[in-house]
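This is what each chain is made of:
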Amino acid sequence: MSTEESRPDYVRDISTLRITDADDAGGKGANLGELVAAELPVPPGFVLMRACYLDTMREGGIDEELNATHRTAMASAADGSELTELSHRMQSLVYKAGISDAVRTRVLDAYRRLGPAAVVAVRSSATGEDGADASFAGMNETITNVSGEDALIDAVQQCWASLFSPRVITYRANRKFTADPAMAVVVQSMIASEQAGVVFTADPSTGGLDRIVIEGAFGQGEVVVSGEVEPDTYVVSKDTMELLDTRIGHKAFKIVRGPDGRDHSVQLDPRQADSRVLDDDALRRIAQLAMAVERHNECPQDVEWAIASGVTWLVQARPITTLHPNAPKHADMDTVLVRGLPAAPGTASGTVRVLLTPDQGTRLLEGEVLVAPMTNPDWLPTIRRAAALVTDSGGMTCHAAIVARELGVPCIVGARSATTDLADGTMITVDGTHGLVRAGRAATPQTSAVERDEPAAVRAEATGTKIYVNLAMPESAEAVAAQDVDGVGLLRAEFMLTEALDGRHPRDLIAHGEQAGLVDAMVASVGRIAAAFTPRPVIYRATDFRSNEFRGLRGGEAYEPVEHNPMIGYRGCYRYVREPDLFALELEALARVREQNPNVHLMIPFVRTGWELEECLSLVDASPLGRQRGLHRWVMAEVPSVVHWLPEYVGMGIDGVSIGSNDLTQLMLGVDRDSDVCAELFDEADPAVLDAIAQIIEKANLLGITSSLCGQAPSTNPAFAEHLVRLGITSVSVNPDAVGAARHAVAAAERRLLLHAALR
């Protein structure tokens, strides 16, 4: 046998690959091969199979040292300084190994076949164990506009070295991957795109299967995928290929290949920044190609496209994994008056009532649509009477979104100019599922989240992971308790307290000797919820009003500081330590509730450090509540410092930790959770957030305490649910309208893990 014939299968042309090659070519390479098989326009290229990496490391004499160091790093993933040192050592070993002569020869031969000094994109393509979860990571290297043989070899080494970055190692450790890592690399002719973007063959925000959603921007597509600009968004009918809706984004800049061969940002003038990226013919071509990908792969697809010199290319494709299984068809596109973030699903019609402050609430008549700049708990009585709610500002986790979802009121937040664009008395229809306000009354029956019942098959699914609900108001307790739920994982105090205070600051009540009425009202509200769920646990989160919210109550200006950043100011645990007399009223109410319903337990929010929790727990222990048997003490894991402090918290008597993914995300990413301007940056599935969540759950498991997560992601993102289940989380807690979807996602994740274990 000749030397040529005995060489391993190092390099494969993309056109020869199929999905069955994913273990050796990685997901990206295998998916591109499927596109070529479907005779779709794919830029030419090749894949360095993972044997290139494995043989290079072996021939370089560093494979055993590299793998041994990797195993040490996996065991030391919680030690940041040691992990950084080990990561640097492993990446140095990769560069030391270089690229074996046999691999270099094959790679450069394939590169030369692309043409003299071809410009290529070089992308990591995870294989093996990592490949099964590659969509979760997205952390390995991609290098664009690579030209020349030396630059190509260097880019390949960068991809290989990215296997050993601290964040990738931490992820592997958190997911309990045990295999020694390896990587394939995709090398593909670079398209000098004039327009680029992404096309979805189903609506990723609603799951609608009857439409195609296309996003596009000028220049290279990285600006769309990374979210660096606001792309144009086009909605096309699958049946007729007609354009249903167009939203022109502000594309402040584009990325192009500069004279030096590197990526360059080019600022666009206002006229071009706000101009349309795609004409109707280009949209139709992209939509037709995307449908061809869907037909070939037999499932909805997320496809990256690029246009150069009038030719449309497909540069990547993957399945859409986060669609709701029973997504509704979208209604006809009527005149759209306002757009915002869909915060609470359902549709409702009514006349507009614009109110600027809570004290104007009496002006809203039953069945009108409340339009406000923003809402806080003081708006609760008004929201109860509203057919729907639209706010200028706010994100998916703001007060308006939370209370609207629980009340079943369709809601749109972050509409920016709703209070000026919508006039009092105008008849509108609010579509909270899609974030649209349309002119006129809906022709179809109105729906809300609370009216939709879950199918019996979904309710019957059993899960080892507990499915809890988030609650805020007692009147929904009996209806929610009748669902297939395991308890209340987050009982918010703020809305009940707002009603008990009747708009007054608690110190104003104390000053007038009326605090007993406050305690009685809280006992009645919490007691009703506890009785509805008994014997299932109800985890009461103590009041977490921020100073600006307390200041807005009558008399609040006399007692509350003025803070420029109250989101990270005087709140939570620290407030209890500073104002123990107010905290004592809350503890008294809980003690009285537990005399009849011992299923109620206490959770302390926004804990920053050890000494404040120690002082807070001493207040609990000295109260009638602390002297009761069987009380569980939880902390909310919202501040990233909990990763360090959790063992000490457990030593103080904490026996449960609930991850508040909203606050944890905003503090990990530095994004105001209530900001509509920065809404696209707020991502619970960001690698940094997921890393913190993984560390919290793993430490909780090691310490033998209960772990939970309060948020919607487990019900809307199956990959997120599987990630939590894989880590061994005890429970998840979601809004009542998401219980069925959450149990379905968790059950599916548990089945996949069991099947994976059985096949090992």
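Residues numbered from 1 in each chain as written. Predicted model: local features only at pLDDT ≥ 70, side-chain atom pairs only at ≥ 80, totals over all residues. Heavy atoms only, no water.

## As for the overall build of the protein chain
Then, in step 1: When its secondary structure is counted, the protein chain shows 31 helices and 30 strands.
Then, in step 2: Expressed as a percentage of its 760 residues, the buried residues of the protein chain come to 56%.
Then, in step 3: Considering only intrachain contacts with a sequence separation of at least 6, the fraction spanning at least 24 residues in the protein chain is 68%.
Then, in step 4: Carbon and sulfur atoms make up 51% of the accessible area of the protein chain, which amounts to about 30600 Å² in all. (Helix = DSSP H or I, 4+ residues; strand = E, 2+ residues; numbered from the N terminus. Buried < 20%, exposed > 50% of the residue type's maximum accessible area, 1.4 Å probe, protein only. Contact = heavy atoms within 4.5 Å. Areas by Shrake-Rupley, 256 points an atom, 1.4 Å probe, with all protein chains shown as cover.)

## Let's talk about the packing of aromatic side chains
The description of an aromatic ring pair uses the distance of the two centres, along with the angle that the planes make with each other.
Then, in step 1: In this structure the tally under the stated criterion is 6 aromatic pairs.
Then, in step 2: Taking 6.4 Å as the distance between ring centres and 90° as the angle between the ring planes, the aromatic pair formed by Tyr574 and Trp611 counts as edge-to-face. Residue Tyr574 is found in helix H23 (residues 572–578), and its partner Trp611 is found in helix H25 (residues 610–622); the two are separated by 37 residues along the sequence.
Then, in step 3: Owing to a relative accessible area of 26%, Tyr574 belongs among the partly exposed residues under this scheme.
Then, in step 4: Classification of Trp611 as partly exposed rests on a relative accessible area of 46%.
Then, in step 5: Members of the aromatic cluster, each reached through a chain of ring pairs, are Tyr570, Tyr574 and Trp611.
Then, in step 6: In this structure, Arg571 packs its charged tip against the face of Phe606, placed 3.8 Å from the ring centre. (Phe/Tyr/Trp six-rings, centres within 6.5 Å; stacked < 30°, edge-to-face > 60°. Lys NZ or Arg CZ within 6 Å of the ring centre and 35° of its normal.)

## Focus on the packing of helix H26 (residues 642–651) against helix H28 (residues 687–703)
Two numbers describe a pair of packed helices, the interaxial angle and the distance between the axes.
Then, in step 1: The contact between H26 and H28 brings their axes to 10 Å, and the two run at 20°. In terms of their interaxial angle, H26 and H28 are classed as roughly parallel. For the element pair H26 and H28, the recorded crossing hand is right-handed. Judged by residue contacts, Val642, Val643, His644, Leu646, Pro647 and Val650 of H26 engage Ala692, Gln695, Ile696, Lys699, Ala700 and Leu703 from H28.
Then, in step 2: In the contact of H26 with H28, the residues fall into 9 nonpolar, 2 polar and 1 charged. (Axes fitted to C-alpha atoms, helices over the stretch in contact; angles between N-to-C directions. Parallel < 35°, antiparallel > 145°, perpendicular 65-115°, else oblique. Left-handed = near helix turned anticlockwise from the far one by under 90°. Nonpolar A, V, L, I, M, F, W, Y, C, P; charged D, E, K, R; others polar.)

## Regarding the sheet that holds strand E30 (residues 731–734)
Then, in step 1: Ordered in space as E23-E24-E25-E26-E27-E28-E29-E30, the 8 strands form a closed barrel in which the pairing is parallel. With direction set aside, neighbouring strand axes in the sheet form an average angle of 30°.
Then, in step 2: Across 4 bridges, the pairing between strand E27 (residues 633–637) and strand E28 (residues 656–660) is parallel. Bridging across to E28, Ala637 finds its partner in Ile659.
Then, in step 3: Helix-sheet contacts for helix H27 (residues 661–669) involve E27, E28 and strand E29 (706–710), and the interaxial angle to E28 is about 60°. (Pairing = 2+ DSSP bridges.)

## Considerations on the pattern of salt bridges
Then, in step 1: The final tally for this structure, using the stated rule, is 36 salt bridges.
Then, in step 2: In this structure, the salt-bridge partner of Arg58 is Asp55, at a minimum N-O distance of 2.5 Å. Separated by 3 residues within a single helix, Arg58 and Asp55 lie in helix H3 (residues 50–59), roughly one turn from each other.
Then, in step 3: Looking at Asp55, the relative accessible area reads 10%, which means it is buried.
Then, in step 4: In the salt-bridge network here, residues are joined through shared partners; they are Arg507, Glu560, Arg575, Glu579 and Asp581. (Salt bridge = Lys/Arg side-chain N within 4 Å of Asp/Glu carboxyl O.)

## Some remarks on empty space enclosed by the protein
Then, in step 1: Counted according to the given criterion, the structure contains 2 cavities of 30 Å³ or more.
Then, in step 2: Looking at the largest cavity, its volume works out to about 250 Å³.
Then, in step 3: If you trace the largest cavity, you find 16 residues lining it, with Leu497, Thr543, Leu582, Phe583 and Glu586 closest to the centre.
Then, in step 4: For the lining of the largest cavity, a count of residues per class yields 12 nonpolar, 1 polar and 3 charged.
Then, in step 5: Lining the second largest cavity, in full, are Lys28, Leu32, Arg123, Val186, Gln188, Val315 and Gln316.
Then, in step 6: Those elements that provide at least two residues to the lining of the second largest cavity are helix H2 (22–37), strand E5 (183–189) and strand E13 (311–319).
Then, in step 7: Of the residues assigned to the lining of the second largest cavity, the class counts are 3 nonpolar, 2 polar and 2 charged. (1 Å grid on protein atoms, 1.4 Å probe; cavity = no way out; pocket = protein on both sides within 12 Å on 5 of 7 lines; lining within 4 Å. Points joined across faces, edges and corners; volume = space filled by probe spheres on them.)

## Remarks on unusual backbone geometry
Then, in step 1: Along the chain, Thr534 connects to Pro535 via a cis peptide bond; the corresponding omega equals 5°.
Then, in step 2: Here Pro535 is to be found in the loop between helix H21 (515–533) and strand E25 (538–541).
Then, in step 3: Located in the positive-phi region is Ser309, a residue other than glycine, with phi close to 50°.
Then, in step 4: With respect to the helices and strands, the residue Ser309 is situated in the loop between strand E12 (301–308) and E13.

## Concerning the nonpolar core
Then, in step 1: Formed by 85 residues in total, the largest nonpolar core has its most connected members in Leu491, Phe533, Tyr540, Leu602, Ile604, Ile693 and Ile696.
Then, in step 2: Looking at which element gives the most residues to this core, the answer is H21, with 9 residues.
Then, in step 3: When residues no more than four places from it in sequence are discounted, the contact partners of Phe533 are Val469, Leu471, Ala477, Val480, Ala481, Val485, Gly487, Val488, Val538 and Asn599.
Then, in step 4: If you look at the next biggest cluster of nonpolar residues, it comprises 45 residues, including Tyr10, Leu83, Ala102 and Met183. (Core = buried A, V, L, I, M, F, W, Y, C linked by side-chain atoms within 4.5 Å.)

## Points about the packing of helix H19 (residues 494–501) against H21
Then, in step 1: The contact between H19 and H21 brings their axes to 9 Å, and the two run at 140°. Between H19 and H21, the angle falls in the class oblique. Seen from above, H19 lies across H21 with right-handed handedness. For the pair formed by H19 and H21, the contact residues are Met496, Leu497, Ala500 and Leu501 on the first element and Leu518, Ala521, Met522, Ser525, Val526 and Ile529 on the second.

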